[in-house]
Each structure stands twice: as C-alpha cells, then as structure tokens.
Amino acid sequence: MKKFKPKAWMLPQPVMIIGIYNTDSTSNAMNAAWGGQWDRNEIMISMGPHATTVNLDRKGEFTVVFATVDTLVASIEGI
C-alpha cells in the first residue's frame, strides 16, 4: 500500500473567497486558505466555525471565487 506524505493540494495554494448573505441581507465575504481541487469538477474547503459557516448552514447557497492578479491585494488585506 502506498503511503502519502502531507502535502498541499495545489501549489501555491489559492485564495478562495466565499460569498454569502447574512441574516439581515448584508453581504459576507470570507477568505478561505485551506482548500483545493477535490475531484475533476469539485473543490473542497476546510472551514472552522465562523459567521460564514453559520450562514452556510442557514442558507445553503454561496459563491466561491478565486483571487486573481487583479484582486490579489484586496484578498490579502481582507477588504
């Protein structure tokens, strides 16, 4: 049986921004650093307890975008 060493899924790891709405309909965006491609057509994101995960449980709908060169600075600064 082959044993795998712990490695990042993609290098460099992408910055994924998860967008969802709060209960008062204001927008909520969260940078997610722990994620990657799971299968050919799926991604996986590891998230702990945050307002965003509460909203995900409540709403069930969200958007995921990858940071690009044009949004790099805003993604790093959390704007």
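Preceding block: the structure.
Below or above, wherever it landed, is the structure these notes cover. Note on numbering: residues in each chain are counted from 1, in written sequence order. The predicted origin of the model limits local features to residues at a pLDDT of at least 70 and limits the giving and counting of side-chain atom pairs to 80 or more, whereas totals for whole chains, interfaces and linings rest on all residues. No hydrogens and no water enter the side-chain calculation; it runs on all heavy atoms of the structure.

Backbone-to-backbone hydrogen bonds join strands into a sheet, with any given pair of strands oriented parallel or antiparallel. For two strands to pair, DSSP has to find at least two bridges joining them. In DSSP terms, a helix is any run of H or I states spanning at least four residues, a strand is any run of E spanning at least two, and both are numbered starting from the N terminus. If you walk across this open sheet you meet the 3 strands as β2-β1-β5, and the pairing is antiparallel. The two strands at the open ends of the sheet, each matched to only one other strand, are β2 (27-32) and β5 (63-66). Each neighbouring strand pair of the sheet contributes to a mean axis angle of 25 degrees, computed without reference to strand direction. Where strand β1 (residues 16-21) meets β2, 6 bridges bridge the pair, whose relative direction is antiparallel. Bridged to Tyr21 within β2 is Ser27. Axis lines are fitted through C-alpha atoms, for helices just across the contact stretch, and the angle between N-to-C directions can take any value from 0 to 180 degrees.

Let us now look at unusual backbone geometry. With a phi close to 70 degrees, Ser25 is a non-glycine residue in the positive phi region. One can find Ser25 in the loop between β1 and β2.

Turning our eyes to something else, we now look at the environment of Ala29. Note that Ala29 resides in strand β2. Owing to a relative accessible area of 63%, Ala29 belongs among the exposed residues under this scheme. Note: C-alpha distance between Ala29 and Ile18 (11 residues apart in sequence) is 5.5 Å. Pairs of residues are marked as contacts when any of their non-hydrogen atoms sit within 4.5 Å. Filtering out sequence-adjacent residues up to four positions away, Ala29 remains in contact with Ile17, Ile18 and Gly19. Under the scheme applied here, a residue whose accessible area is under 20% of the maximum for its type counts as buried, over 50% as exposed, and between as partly exposed, the area being computed with a 1.4 Å probe on protein chains only.

What helix α1 (residues 51-59) keeps buried is the set Thr52, Thr53, Asn55 and Leu56. For α1, the angular spread of buried residues about the axis comes to 160 degrees, placing them on one side. Pointing more than 90 degrees away from the buried face of α1 are the exposed residues Val54 and Asp57. Residues of α1 that are buried in the fold lie against β1 and β2. Just beyond α1, the residue with positive phi is Gly60, at close to 80 degrees. It is the directions from the helix axis to the C-beta atoms that the arc portrays.

On to the pairing of strand β4 (residues 42-45), then. Pairing of strand β3 (residues 35-39) with β4 involves 4 bridges; the strand directions are antiparallel. Residue pairing for β4: Gly35 is matched across the bridge by Ile45.

Moving on to the pairing of β1. In sequence, β1 turns back onto β2 through a hairpin of 5 residues, with Ser25 there showing a positive phi of about 70 degrees. Pairing geometry for β1 and β5, over 4 bridges, is antiparallel. Counted as the bridge partner of Ile18 is Val64 from β5.

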